[in-house]
Amino acid sequence: MTKNLLNLPIEEKERFLDSFDIVQTDCDGVLWLLGNPFDGVERAVRALRVNGKRVIFVSNNSVRPMEDYRAKLDKLTDHTVDDDDIIHPAKIVVQYLRERKFDSLCYVIGSTNFKNYLKEAGFQVLDGPDEPVQESVRAVMACISDGQAVKAVIVDFDYNMN
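Residues numbered from 1 in each chain as written. Predicted model: local features only at pLDDT ≥ 70, side-chain atom pairs only at ≥ 80, totals over all residues. Heavy atoms only, no water.

(A) Representation of the side chain of Lys91. In this structure, Lys91 sits in helix α4 (residues 89–99). In this structure, Lys91 is in contact with Met66, Asp83, Asp84, Ile86 and Tyr117, ignoring residues within four places of it in sequence. (Helix = DSSP H or I, 4+ residues; strand = E, 2+ residues; numbered from the N terminus. Contact = heavy atoms within 4.5 Å.)

Structure representation (structure tokens):
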């Protein structure tokens, strides 16, 4: 049965907090909205950490680079946030590819920041086409049959895809 934490006696609140070591929280729309932190976020994160909880910050937004997340989170917390404390889509894709010892060409549909993260991690990224392709089989065949040995197609957010 669901219980409202605000209505619990202090002993039950303490038992609940003692029942876990890690808290995962989304960032956009949970900690901040369009860059402005919600009131009380700093106090909440600090209280969790003071009570021995590891806080992991999760995002599905790869448009914002990891450096931006780190900078925003450093302002919200009382100490520097480690890379291990941030879950970011591009970081997870890089981890997945490395675990599989992937070393081939990737065709990536995604933002510039996402592609740059993959490139900086040492992966070969094929870009394009940047312009719309004419709606004909002949025109699209030139793009498809370009001789590039693509071994992975990675799809993330793309401003121009609809």
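(B) Representation of the domain arrangement of the protein in the model. Once the domains are mapped, the protein shows domain 1 (5–87) and domain 2 (90–155). The C-alpha-based centres of domain 1 and domain 2 are spaced at 33 Å. In total, about 560 Å² of surface goes out of reach between domain 1 and domain 2, with carbon and sulfur atoms giving 59% of it. Counting across the interface, domain 1 meets domain 2 through zero salt bridges. Counting across the interface, domain 1 meets domain 2 through three residue pairs in polar contact (both at pLDDT 80 or more). Within the side of domain 1 that touches domain 2, the residues separate by chemical class into five nonpolar, one polar and two charged. (Domains from an automatic or database assignment. Buried area = accessible area lost by both parts, 1.4 Å probe. Salt bridge = Lys/Arg side-chain N within 4 Å of Asp/Glu carboxyl O. Polar contact = N/O pair within 3.5 Å; in protein donor to acceptor, adjacent residues only side chain to side chain. Nonpolar A, V, L, I, M, F, W, Y, C, P; charged D, E, K, R; others polar.)

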